Every structure is written in structure tokens, then in C-alpha cells.
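Breakdown of the fold
Residues per chain, in single letters:
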Amino acid sequence: MLTSAGRSIRNRGKQYPQPRRGIMTAAIDAIFSAPEHGAAQSEKQLGKLTANVGLEGDRYAGDGVISLIEAEAVEVFNAQTGLNISAGATGRNLVTRGVSLNPLVGQRFRIGDAELEGTELCDPCATLGKLLATEDISAADIVRHFANSAGLRARVLSSGGIEPGTQISDSS
């Protein structure tokens, strides 16, 4: 369900390159959090996912939910728009690589020792559009580009430490 080494990942009509066999597996690429609403997100080298809390130290900690986005989706967005946004600019907590997130809605999966359950897609919102819009690309165009690829919300069911490179796997 998570990846098929050596093949491309399809995500609602979009195709993302899949790493060659043996090079990479599904993993966390980056961790971002903001201490309060409206504050800029900063990249973290270590994080803790806590059951029924979420990402410790993040503005949404206490809700028990985190947000994830595929690094590949940001790369496709940049290639299609000519922009060069960072994955952190999307406002998502975790940037993944090598996993299609949309199929994880309603599924349990692991990030290292932590168990999570995908709850819903993170549909792009007008706020994201306004934040990323430029003179050449409108907020509505930003939202259209990220439709069906803006990420996943997931509930943290059991706790565990994370860092870039932490593996993502099926829950078993």
C-alpha cells in the first residue's frame, strides 16, 4: 500500500517519480512546527509525536492531529508553476518522501515507533493560496495546483520520536 520500489506512485491522476530499488524507502523528509497561530513555521531536526496530543511544541498540539505533505507534490507544484516554494511554506508538519498519502485516509500506519491513522485529506485552502500567490500566479491557481495533493491529516494513536529519515510503514 505505501510504496512499490522501482515504480511510479500515482496520486489521483498525478504521477510522482519513485526512487530506484534499494536507494530509499518511505520516510520523513522534514519536520516543521510553529509555536502559535500566525507564527512562521521552523524546521526541526527532532520531534515527538504524542498520542492524543500531536506534534509536541506545535500550535495544534493538544488536538492529537498532525498534517503531512509529500515532498514530491511540492516538487511537481514548483515544476508546473515555476515557483520555488519550500515544503515548509505549505504549513504542514511533516514532509514525506516515497509514499502516496491520499490512500492512507482511514488507514493505520507507522512513523518509526508512533502509530497514526489517516483521518482526512488536507484540502488546499484560500489561506494557503493567499500565502503563496504571486503577481504571476493567483491564490485560486495555487489552490487548483494543490487540489488532491495538499496532504493528509492524521491522528496520533501511539507516541514516538521522529527525525528526518524516520521510516514510514504499514501498521502491523
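Residues numbered from 1 in each chain as written. Predicted model: local features only at pLDDT ≥ 70, side-chain atom pairs only at ≥ 80, totals over all residues. Heavy atoms only, no water.

With that settled, consider the overall build of the chain. The helix and strand inventory of the chain stands at three helices and 13 strands. Burial status across the chain gives 45% buried among its 172 residues. The contacts in the chain between residues at least 6 apart in sequence include a share of 71% that link residues at least 24 apart. Working note: accessible area of the chain is about 8500 Å², and carbon and sulfur atoms make up 46% of it. (Helix = DSSP H or I, 4+ residues; strand = E, 2+ residues; numbered from the N terminus. Buried < 20%, exposed > 50% of the residue type's maximum accessible area, 1.4 Å probe, protein only. Contact = heavy atoms within 4.5 Å. Areas by Shrake-Rupley, 256 points an atom, 1.4 Å probe, with all protein chains shown as cover.)

In this section: the pairing of strand 11 (residues 152-158). Where strand 7 (residues 65-70) and strand 11 come together, four bridges link them in antiparallel fashion. The residue of strand 11 that forms the bridge with Leu-68 is Leu-152. As paired strands, strand 10 (residues 114-121) and strand 11 are joined by six bridges and run antiparallel to one another. Its bridge partner lying in strand 11, Leu-121 is registered against Leu-152. (Pairing = 2+ DSSP bridges.)

Moving on, we come to the confidence of the model for the chain. Of all residues in the chain, 85% have pLDDT values of 70 or greater, and the mean over the chain is 86. Confidence over residues 3-24 falls short of pLDDT 50; this stretch has 43 contacts with residues more than four positions distant or in other chains. (pLDDT = per-residue confidence, 0-100.)

Another point: the sheet that holds strand 4 (residues 42-44). Taking strand neighbours across the sheet as the criterion, the eight strands line up as 4-3-8-7-11-10-9-13 in an open arrangement whose pairing is mixed. Among the strands making up the open sheet, the edge pair consists of strand 4 and strand 13 (168-170). Ignoring which end each strand starts from, the neighbouring axes of this sheet average 40° apart. (Axes fitted to C-alpha atoms, helices over the stretch in contact; angles between N-to-C directions.)

Moving on: helix 1 (residues 71-81). Structurally, the α-helix is built with 3.6 residues per turn, so residues lying three or four positions apart point the same way. For helix 1, the tally of buried residues reaches eight of 11 residues, placing the bulk of the element in the interior. For helix 1, every residue scored as buried is listed here: Ala-71, Glu-72, Ala-73, Val-74, Val-76, Phe-77, Asn-78 and Thr-81. Positive backbone phi, approximately 80°, marks Gly-82, located one or two places after helix 1.

On to the pattern of salt bridges. The final tally for this structure, using the stated rule, is six salt bridges. The partner of Glu-75 in a salt bridge is Arg-97, and the shortest N-O contact between them spans 2.6 Å. Taken together, the positions of Glu-75 in helix 1 and Arg-97 in strand 8 (residues 94-97) put the pair 22 residues apart, joining distant regions of the chain. Residues participating in the shared-partner salt-bridge network are Asp-29, Glu-75 and Arg-97. (Salt bridge = Lys/Arg side-chain N within 4 Å of Asp/Glu carboxyl O.)

Ranked by size, the top nonpolar core spans 20 residues in total, and within it Leu-49, Ile-66, Leu-68, Leu-94, Phe-109, Ile-111 and Leu-116 carry the most contacts. Elements supplying a minimum of two residues to this core: strand 3 (27-33), strand 7, strand 9 (108-111), strand 10 and strand 11. For Leu-68, the residues in contact, after removing those within four places along its chain, are Arg-92, Leu-94, Thr-96, Leu-101, Ile-111, Ala-150, Gly-151, Leu-152 and Ala-154. Counting 16 residues, the second-largest nonpolar core is a separate cluster that includes Ala-71, Phe-77, Ile-85 and Ala-87. (Core = buried A, V, L, I, M, F, W, Y, C linked by side-chain atoms within 4.5 Å.)

Let's shift gears to the packing of aromatic side chains. The description of an aromatic ring pair uses the distance of the two centres, along with the angle that the planes make with each other. Summed over all chains, the structure comprises one aromatic pair. On the numbers, 4.5 Å between centres and 15° between planes, the contact of Phe-77 with Phe-146 is stacked. You can see Phe-77 sitting in helix 1 and its partner Phe-146 sitting in helix 3 (residues 139-146), a full 69 residues away along the chain. Judged on exposure class, the residue Phe-77 and its partner Phe-146 are both buried. (Phe/Tyr/Trp six-rings, centres within 6.5 Å; stacked < 30°, edge-to-face > 60°.)

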